[in-house]
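Geometric and topological summary
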Amino acid sequence: MLRGSIPPIVTPFKNGQVDYDRLADLIDFQARNGTHGVLINGTTSEPSTLTIEERNRAVSVAVQAARGRLQVVAASGSQSHAETVALTEHAARAGADALLVVTPYYIRPPQRGVAAYFIDIGRRVDIPLMMYHIPGRTAFRTDMATLEEIAGALPHFVGIKHAVDDHSFVTEMLHRFGPAFRVFVGLEEFTFPMMCLGAGGTMNAVANVVPRDVAQLCNLVRAGQLEAARALHFKLFELMKMVFWDTNPIPLKYLMKRLGLLERNEHRLPMVPAAPELERRVDALVERLGLTAQ
């Protein structure tokens, strides 16, 4: 459980509303292409532009659409403790397989506050819980003592999504907690090297477009077939860089519309669709790589 490719699924919009039917289609697309799980309401889902009710419904729709074919991880964190409680408790009731809780953003809390926060949230549910560690967006960087305190209090605290260019900390976590600790790669281009260190999988936005390739990359690394995995890493490298040509998921959503995976390239303010120059850049990448929907 909780290994391999678990991509953060985009949130489709239609005339300003969440398109739940299209979301269910995207879950089915992942299941048919060998993805190991899906992450709902991750950063790529633009969760801060959604209401609590919309986020909760997205989790329920995903669980129903998955039909047990793949795991559903619910990102249930917010800057507000009360919102995180509401999102987390709903996800557990809805049948999510695991939870990913982001460290509270904007607040810049002390380490002891984050430890207390996760322990409080974790004691309200009994399904696997992971930390979403993304200092570039939250302005909080965890230390090992904080992870140790949380793990000591919560037997079901099982891992972390590590969206930091810090391979040394990956090694430290696996050395301290052992190979059963689920480290998920949170920055696309580091999927291969971090998995070679022992990370159990990746939450890679590129899998919204090429789910079979990203799942295969994970399968190859875990099977020890590193030459083949390295070749696939370089095949996917330009796509992984493309995610950050503008704020994620602006380039990705344009690409998905271009490939027919989304009906509309729509965002909510302050997020906006790709500018014409970005569209041309993505179009050129599509032509150069010969991309089609898998």
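Keep in mind that what you see is a predicted model, and the values were worked out from it rather than measured.

Analysis parameters
- Residues numbered from 1 in each chain as written.
- Predicted model: local features only at pLDDT ≥ 70, side-chain atom pairs only at ≥ 80, totals over all residues.
- Heavy atoms only, no water.
- UniProt positions renumbered as here; feature names shortened; annotations may be inferred.
- Helix = DSSP H or I, 4+ residues; strand = E, 2+ residues; numbered from the N terminus.
- Buried < 20%, exposed > 50% of the residue type's maximum accessible area, 1.4 Å probe, protein only.
- Contact = heavy atoms within 4.5 Å.
- Pairing = 2+ DSSP bridges.
- Axes fitted to C-alpha atoms, helices over the stretch in contact; angles between N-to-C directions.
- Parallel < 35°, antiparallel > 145°, perpendicular 65-115°, else oblique.
- Left-handed = near helix turned anticlockwise from the far one by under 90°.
- Nonpolar A, V, L, I, M, F, W, Y, C, P; charged D, E, K, R; others polar.
- Disulfide = S-S within 2.5 Å.
- Expected span 1.5 Å × (residues − 1).
- Polar contact = N/O pair within 3.5 Å; in protein donor to acceptor, adjacent residues only side chain to side chain.
- Salt bridge = Lys/Arg side-chain N within 4 Å of Asp/Glu carboxyl O.

Below, the discussion takes up the UniProt feature "site: Part of a proton relay during catalysis" (unreviewed entry) in the protein chain. Sites flagged by UniProt as "site: Part of a proton relay during catalysis" (unreviewed entry) map to Thr 43 and Tyr 106. Mapped onto the fold, Thr 43 is located in the loop between strand E4 (37–40) and helix H2 (52–66). When its relative accessible area of 16% is taken as the criterion, Thr 43 is described as buried. Contact partners of Thr 43, with chain neighbours within four places excluded, come to Tyr 132, Ile 134 and Arg 137. As for its position among the elements, Tyr 106 is in the loop between strand E6 (98–102) and helix H4 (111–122).

In this section: the sheet that holds E6. Strand order in the open sheet formed by eight strands is E1-E10-E9-E8-E7-E6-E5-E4, with parallel pairing between adjacent strands. The sheet terminates laterally at strand E1 (4–5) and E4, the two strands that pair on one side only. Pairing of strand E7 (residues 129–133) with strand E8 (residues 157–162) involves five bridges; the strand directions are parallel. Of the residues in E8, the one forming a bridge with Tyr 132 is Lys 161.

Right, let's get into the packing of helix H11 (residues 250–258) against helix H12 (residues 276–289). Where H11 meets H12, the axes come as close as 10 Å, and the angle between the chain directions of the two elements is 55 degrees. It follows from the interaxial angle that H11 and H12 lie oblique. Crossing of H11 against H12: the hand is right-handed. Of the residues in H12, those in contact with Ile 250, Pro 251, Tyr 254, Leu 255 and Arg 258 of H11 are Leu 278, Glu 279, Val 282, Asp 283, Val 286 and Glu 287. Tallied by class, the residues present in the contact of H11 with H12 amount to seven nonpolar, no polar and four charged.

Note on terminology: a disulfide is the covalent bond linking the sulfur atoms of two cysteines. Enumeration according to the criterion identifies zero disulfides in this entry. Here Cys 218 stays free of any disulfide, with the sulfur of Cys 196 as its closest cysteine sulfur at 11 Å. Judged by its relative accessible area of 0%, Cys 218 is buried.

With 14 residues, helix H3 (residues 81–94) ought to run about 20 Å at 1.5 Å a step, and its terminal C-alpha atoms sit 20 Å apart, in line with that. Listed in full, the buried residues belonging to H3 are Thr 84, Val 85, Leu 87, Thr 88, His 90 and Ala 91. Its side-chain oxygen 3.3 Å from the backbone nitrogen of Ala 82, Ser 80 forms the N-cap of H3. Looking one or two residues past H3, Gly 95 carries a phi angle of roughly 105 degrees, positive in sign.

All right, on to the pattern of salt bridges then. Applying the stated criterion across every chain, the model contains 15 salt bridges. A salt bridge links Arg 141 to Asp 166; the shortest N-O distance between them is 3.0 Å. Taken together, the residues span a long stretch of sequence, with Arg 141 in the loop between helix H5 (135–138) and helix H6 (144–153) and Asp 166 in the loop between E8 and helix H7 (167–177) at a distance of 25 residues. Looking at Arg 141, the relative accessible area reads 44%, which means it is partly exposed. For Glu 238, the salt bridge goes to Arg 288, with nearest N and O atoms at 2.7 Å. Highlighted residues: Glu 238 in helix H10 (residues 226–242) and Arg 288 in helix H12, separated in sequence by 50 residues. By relative accessible area, Glu 238 is classed as partly exposed at 34%. In this structure, a network of salt bridges that share partners links the residues Lys 14, Arg 22 and Glu 263.

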